[in-house]
Amino acid sequence: MIADDDLASRELLASYLEPEGCAIMVVSSGTEAVEEARRLLPDLIVTDVLMPGPGGLQTLFILKNTTETSHIPAIVVSGVSSRILDLMPAAAYLVKPVERWAFVQVVRKYINLSANALQPTKKSQ
């Protein structure tokens, strides 16, 4: 799952993962991220810090303190100060703009991309 309020950022990150065979869900707010994570139990959550509703920090705290989603690794991809990123309960932090190879390498560290079946992407606007 990719959670970012910026459409261009969501599409860019999704375009990095689609060739890897990932099934991708994109959402545009922290509220949607929490709802969809609870419903779909994704293998990985990629989130920005600044979003409407609960921001990325609060979203990750909610997910990490919810039994059914606490095990899901999270990667923060954001343009905010690295000092804020130190507060995030995330497995990894990448600063925007992120290079495709760096992003895919970090994602591969937390999920087995070859095990994912290629499925159509659902895009939220």
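Residues numbered from 1 in each chain as written. Predicted model: local features only at pLDDT ≥ 70, side-chain atom pairs only at ≥ 80, totals over all residues. Heavy atoms only, no water.

S.K.: Whenever I open this one, the overall build of the protein confuses me. Can you help?
M.R.: The helix and strand inventory of the protein stands at 5 helices and 5 strands. When the helices and strands of the protein are read in sequence order from the N terminus, they spell out β-α-β-α-β-α-β-α-β-α. Residues counted as buried form 50% of the 125 residues belonging to the protein. Excluding contacts between residues fewer than 6 apart, the proportion of contacts in the protein whose partners are at least 24 apart in sequence is 64%. (Helix = DSSP H or I, 4+ residues; strand = E, 2+ residues; numbered from the N terminus. Buried < 20%, exposed > 50% of the residue type's maximum accessible area, 1.4 Å probe, protein only. Contact = heavy atoms within 4.5 Å.)

S.K.: Which parts of the structure should I look at to understand helix 1 (residues 7–17)?
M.R.: It helps to recall that an α-helix has 3.6 residues per turn; residues three or four apart then point in one direction. When we look at burial in helix 1, the residues that qualify are Ser9, Arg10, Leu13, Ala14, Tyr16 and Leu17. Along helix 1, the residues classed as buried sweep out an arc of 155° about the axis, all on the same side. In this structure, the buried side of helix 1 is in contact with strand 1 (2–3), strand 2 (26–27), strand 3 (45–47), strand 4 (74–78) and helix 5 (100–110). (Arc of directions from axis to C-beta.)

S.K.: Can you help me understand the environment of threonine 67 in this one?
M.R.: Tracing the chain through its elements places threonine 67 in the loop between helix 3 (56–64) and strand 4. Its relative accessible area of 72% is what places threonine 67 among the exposed residues. Remark: the alpha-carbon pair of threonine 67 and arginine 38, spanning 29 residues in sequence, is separated by 9.5 Å.

S.K.: Is there a simple way to explain unusual backbone geometry in this structure?
M.R.: Leave glycine aside and you will find that most residues have negative phi; peptide bonds, for their part, are mostly trans. Along the chain, lysine 96 connects to proline 97 via a cis peptide bond; the corresponding omega equals -5°. Looking at the secondary structure, you find proline 97 in the loop between strand 5 (92–95) and helix 5.

S.K.: What am I meant to see in the packing of helix 1 against helix 5 here?
M.R.: A pair of packed helices is characterised by two quantities: the angle between their axes and the separation of those axes. With their axes 10 Å apart at the nearest point, helix 1 and helix 5 run at an angle of 65° to one another. Taken together, the axis directions place helix 1 and helix 5 in an arrangement best described as roughly perpendicular. Considering how the two elements wind past one another, helix 1 and helix 5 form a crossing that is right-handed. Judged by residue contacts, Leu13, Tyr16 and Leu17 of helix 1 engage Arg100, Phe103, Val104 and Val107 from helix 5. Here the residues of the contact of helix 1 with helix 5 sort into 6 nonpolar, no polar and 1 charged. (Axes fitted to C-alpha atoms, helices over the stretch in contact; angles between N-to-C directions. Parallel < 35°, antiparallel > 145°, perpendicular 65-115°, else oblique. Left-handed = near helix turned anticlockwise from the far one by under 90°. Nonpolar A, V, L, I, M, F, W, Y, C, P; charged D, E, K, R; others polar.)

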